[in-house]
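Here is how the chains run, residue by residue.
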Amino acid sequence: MSFSLIPNIRLNTVFDIKPDMLLRRNIRLLLLDLDNTLAPYSGQPPSDALNAWKRELESNGIELFIVSNTKTERAGCFAEAFGVSYLNRAGKPSPKMLRKAMILRSKNADETALVGDQIFTDILGANLCGITSIIVKPIRLKNPLFALRYFIEKPFRLLRKREGKKNE
Ligand SMILES: [Mg+2]
């Protein structure tokens, strides 16, 4: 557990998360941020590509679990359509709900990772929890406030070389 804003792994999108990348780190539980990580804020259901990605991970023994800060029904609707468990009102960066998801799935910190698009909620929360933190680019930055936040977060993202890339 550490108060760190630096992700352990940096990728472009969730589709860059492959089963072997997780399995060689002994990760069996992947916690998922929802908004701007799995889908844009506008509320689309899971895409075919996302469903295929989920099946590939699950067929390799990796469980998925949504942990979202949303306060609306959106996380529940999306999680049901996606076929995964979820917790909303998670209050990330508090590690409380991340730990709850791990307890519900009987996994320890070494076996768990979280993927999200925000440094100050997802990555800080995962690092506080002692689990592997994976940052991806937000799907959409239409809102100027999101763009500003992304700009502020950028140095922390860039401190981690993109996974699978030799030079940057
Ligand atoms: Mg997000």
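The sections below set out a description of the structure shown in this document. By convention here, each chain's residues receive numbers from 1 onward along its written sequence. Totals for whole chains, interfaces and linings use every residue, but because this is a predicted model, local features are given only for residues with pLDDT of at least 70 and side-chain atom pairs only at 80 or more, for both listing and counting. Hydrogens and water are ignored here; the side-chain numbers use all heavy atoms of the structure.

## Re the coordination of the magnesium ion
Here the magnesium ion is held by the protein donor atoms Asp33 (OD), Asp35 (O) and Asp117 (OD), which lie 2.1 to 2.2 Å from it. As a rule, N, O and S atoms within 2.8 Å of a metal are its donors, except that Na, K and Ca use 3.2 Å; water is not among the atoms, so sites may look incomplete. Mapped onto the polypeptide sequence, the residues donating to the magnesium ion form the spacing pattern D-x1-D-x81-D. Pair noted here: Asp35 is in the loop between β2 (29–32) and α2 (48–59) and Asp117 is in the loop between β5 (112–116) and α5 (119–129), with a separation of 82 residues, a long-range link. For Asp35, a relative accessible area of 9% gives the class buried. Helix numbers and strand numbers start at the N terminus; a helix is a DSSP run of H or I with at least 4 residues, a strand a run of E with at least 2. Accessibility here uses a 1.4 Å probe with only protein chains present; expressed as a share of the type maximum, an area under 20% marks a residue as buried, one over 50% as exposed, and anything in between as partly exposed.

## Here we look at the side chain of Glu153
Here Glu153 lies in helix α6 (residues 144–158). In protein, a polar contact requires one atom able to donate a hydrogen and another able to accept it; more generally it is a pair of N or O atoms within 3.5 Å, and residues adjacent in sequence count only if both atoms are side-chain atoms. Among the polar contacts listed, one links the side chain of Glu153 to the backbone nitrogen of Ile119, at a separation of 3.0 Å. Here, two residues are considered to be in contact whenever any of their heavy atoms come within 4.5 Å of each other. If we ignore the near neighbours within four places in the chain, the residues touching Glu153 are Asp117, Gln118, Ile119 and Phe120.

## Some details on the nonpolar core
Nine residue types can take part in a nonpolar core, namely buried Ala, Val, Leu, Ile, Met, Phe, Trp, Tyr and Cys, and a core is a set of them joined through side-chain atoms within 4.5 Å. In this structure, Leu30, Leu38 and Trp53 are the most contacted members of the largest nonpolar core, which totals 27 residues. Of all the secondary-structure elements, those providing two or more residues to this core are α1 (19–23), β2, α2, β3 (63–67), α3 (74–82) and β5. Broken down by element, this core gets its largest block of residues, four residues, from α3. Residue contacts for Trp53: discarding those within four places in its chain leaves Val14, Phe15, Ile17, Leu30, Leu32, Leu38 and Leu64. Core analysis: the second largest hydrophobic core is formed by 14 residues, Leu31, Ala90, Ala101 and Ala126 among them.

## Some details on the pattern of salt bridges
One speaks of a salt bridge when a side-chain nitrogen belonging to Lys or Arg is within 4 Å of a carboxyl oxygen belonging to Asp or Glu. Summed over all chains, the structure comprises ten salt bridges. The salt bridge involving Lys92 is made with Asp122; its shortest N-O contact spans 2.9 Å. Separated by 30 residues along the polypeptide, Lys92 in the loop between β4 (85–87) and α4 (96–104) and Asp122 in helix α5 bring together distant segments of the chain. There is no split in this pair, since Lys92 and Asp122 are both buried. Shared partners join several salt bridges into a network, and the residues in it are Asp20, Arg24, Arg25 and Glu163.

## Section: the sheet that holds β5
A pair of strands is considered paired only if DSSP assigns at least 2 bridges between the two. Strands sit in the order β1-β6-β5-β2-β3-β4 across an open sheet of six strands; the sheet is parallel. For this open sheet the edge positions go to β1 (9–10) and β4, each flanked by a neighbour on one side alone. Two strands pair when backbone bridges link them, and β3 and β4 are joined in this way by three bridges, in the parallel orientation. Following the sheet pairing, Val67 is matched in β4 by Leu87.

## Notes on the side chain of Ser4
Summarising the element assignment, Ser4 is placed in the segment before β1. Here the side chain of Ser4 touches Ile6 through a polar contact of 3.1 Å, landing on its backbone nitrogen. Once you skip the residues sitting within four places of it in the chain, Ser4 turns out to touch Ile123, Leu124 and Asn127.

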